[in-house]
Amino acid sequence: AQSVTQLGSHVSVSEGALVLLRCNYSSSVPPYLFWYVQYPNQGLQLLLKYTSAATLVKGINGFEAEFKKSETSFHLTKPSAHMSDAAEYFCAVRAYNTDKLIFGTGTRLQVFP
Amino acid sequence: GAVVSQHPSRVICKSGTSVKIECRSLDFQATTMFWYRQFPKKSLMLMATSNEGSKATYEQGVEKDKFLINHASLTLSTLTVTSAHPEDSSFYICSARDLGPGQGNEQYFGPGTRLTVT
């Protein structure tokens, strides 16, 4: 079985500051890991994904995440926050042999000027 | 990139009526589509997996007679909420899996449908 834990339902940063959104996973088989962003009243947009290739994954909008098997983590980072980054972020896991995405509870990112 | 649309984006209906939500893959064929429900300030919960030409697979606890899913073509899946009640009010999101070359089995999400049952 797979599961995802996102620590911190809310994260607030100043514009230009480092963004760090935490995600830990549990999986009995090699996982595929995803980060999605959701703006208010919209669907989900894929930021990046890990599919067992490079452990450091670069995504859109300057985001990146590092897969650390020893820590069962897949934290999302961005060196410098922008006001437009304010949104809800979801980490998700999928076993390599299934279709189902299991989502974390989400982290709301606020960016202050 | 792959685009998934949903219609309507918002719907308000009276208790006891039925509502149909459409999910379309606009520029790719999707043999599999997924239906999620998102409660306010909560995560997405998978309701069912919709397979073209066959019956949908429902997750545990989801009433298949209440949430009817039809996937009649490779680009369209519909979710019908039958005899809707206020507790069915939610944000419903679909996704479609692109099996095309180089797409990596990726799921693409629609913009969601806000259902309000009065």
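Residues numbered from 1 in each chain as written. Chains lettered and ligands numbered in written order. Predicted model: local features only at pLDDT ≥ 70, side-chain atom pairs only at ≥ 80, totals over all residues. Heavy atoms only, no water.

Trainee: Whenever I open this one, the pattern of salt bridges confuses me. Can you help?
Mentor: Any two side chains of opposite charge can pair, on the condition that their charged atoms come close. According to the stated counting rule, one finds six salt bridges over all chains in the structure shown. Here Arg-108 of chain A and Glu-88 of chain A are joined by a salt bridge, their closest N and O atoms 3.0 Å apart. Here Arg-108 of chain A, found in strand β12 (residues 107-112), pairs with Glu-88 of chain A, found in strand β10 (residues 87-95); they are 20 residues apart in sequence, far enough to count as distant. Residue Glu-22 of chain B pairs with Arg-24 of chain B through a salt bridge whose shortest N-O separation is 3.5 Å. (Salt bridge = Lys/Arg side-chain N within 4 Å of Asp/Glu carboxyl O. Helix = DSSP H or I, 4+ residues; strand = E, 2+ residues; numbered from the N terminus.)

Trainee: Hey, could you run me through the state of the cysteines in this one?
Mentor: What we call a disulfide is simply a covalent bond connecting the sulfur atoms of a pair of cysteines. For the structure shown, the criterion picks out two disulfides over all chains. Bridging Cys-23 of chain A to Cys-91 of chain A, the disulfide has an S-S length of 2.0 Å. Given an S-S torsion of about -65 degrees, the disulfide between Cys-23 of chain A and Cys-91 of chain A has left-handed geometry. Remark: Cys-91 of chain A occurs in strand β10 and Cys-23 of chain A occurs in the loop between β3 (19-21) and β4 (24-27); sequence separation between them is 68 residues. The side chain of Cys-23 of chain B participates in a disulfide bridge whose partner is Cys-94 of chain B; the two sulfur atoms lie 2.0 Å from each other. Across the S-S bond linking Cys-23 of chain B and Cys-94 of chain B, the dihedral sits near 80 degrees, which makes this disulfide right-handed. (Disulfide = S-S within 2.5 Å.)

Trainee: Would you mind going over the sheet that holds strand β1 (residues 4-7) of chain B with me for this structure?
Mentor: Two pairing modes exist for strands in a sheet, parallel and antiparallel, and in both the strands are linked by backbone hydrogen bonds. Residues and elements named next belong to chain B. Here we have four strands laid out as an open sheet, ordered β1-β3-β8-β7, and antiparallel in their pairing. The strands lining the two open edges of the sheet, one partner per strand, are β1 and β7 (67-73). Geometrically, the sheet is characterised by an average inter-axis angle of 15 degrees between neighbouring strands, direction not taken into account. (Pairing = 2+ DSSP bridges. Axes fitted to C-alpha atoms, helices over the stretch in contact; angles between N-to-C directions.)

Trainee: Explain the side chain of Asp-88 of chain B to me, please; I cannot follow it from the model alone.
Mentor: Residues and elements named next belong to chain B. Counting through the fold element by element, Asp-88 comes out in the loop between β8 (76-81) and β9 (90-98). Judged by its relative accessible area of 5%, Asp-88 is buried. A distance of 2.9 Å separates a polar atom in the side chain of Asp-88 from a polar atom in the side chain of Lys-66. If near-sequence neighbours (up to four positions away) are discounted, Asp-88 is found in contact with Arg-37, Lys-66, Phe-67, Val-81, Ser-83, Leu-115 and Val-117. (Buried < 20%, exposed > 50% of the residue type's maximum accessible area, 1.4 Å probe, protein only. Polar contact = N/O pair within 3.5 Å; in protein donor to acceptor, adjacent residues only side chain to side chain. Contact = heavy atoms within 4.5 Å.)

Trainee: What is the right way to look at the nonpolar core in this model?
Mentor: Generally speaking, a soluble globular protein has its nonpolar side chains buried in company with each other. By size, the foremost hydrophobic cluster in this structure holds 26 residues, and its most contacted members are Trp-35, Leu-47, Leu-48, Phe-74, Leu-76 and Tyr-89 of chain A. Sort the elements by how many residues they give to this core and β10 of chain A lands first, with four residues. Once residues within four sequence positions are removed from consideration, Leu-47 of chain A is found in contact with Trp-35, Tyr-36, Val-37, Gly-59, Ile-60, Asn-61, Phe-63, Leu-76 and Tyr-89 of chain A. Judged by nonpolar contacts, the second largest core, of 23 residues, contains Val-4, Cys-23, Ile-69 and Val-81 of chain B. (Core = buried A, V, L, I, M, F, W, Y, C linked by side-chain atoms within 4.5 Å.)

Trainee: Which parts of the structure should I look at to understand the interface of chain B and chain A?
Mentor: Across the contact, 21 residues belong to chain B and 17 residues belong to chain A. Summing the contributions of chain B and of chain A, the shared interface buries around 1500 Å²; its carbon and sulfur component is 45%. Of all residues in chain B, the largest losses of buried area upon contact with chain A belong to Ser-43, Glu-106 and Phe-109 of chain B, amounting jointly to 30% of the total for that side. Remark: the boundary between chain B and chain A carries one salt bridge. Where chain B touches chain A, the interface holds four residue pairs in polar contact (both at pLDDT 80 or more). Mapped onto the side of chain B that touches chain A, the elements with two or more residues apiece are β4 (32-38), β5 (44-51), β9 and β10 (106-109) of chain B. (Buried area = accessible area lost by both parts, 1.4 Å probe.)

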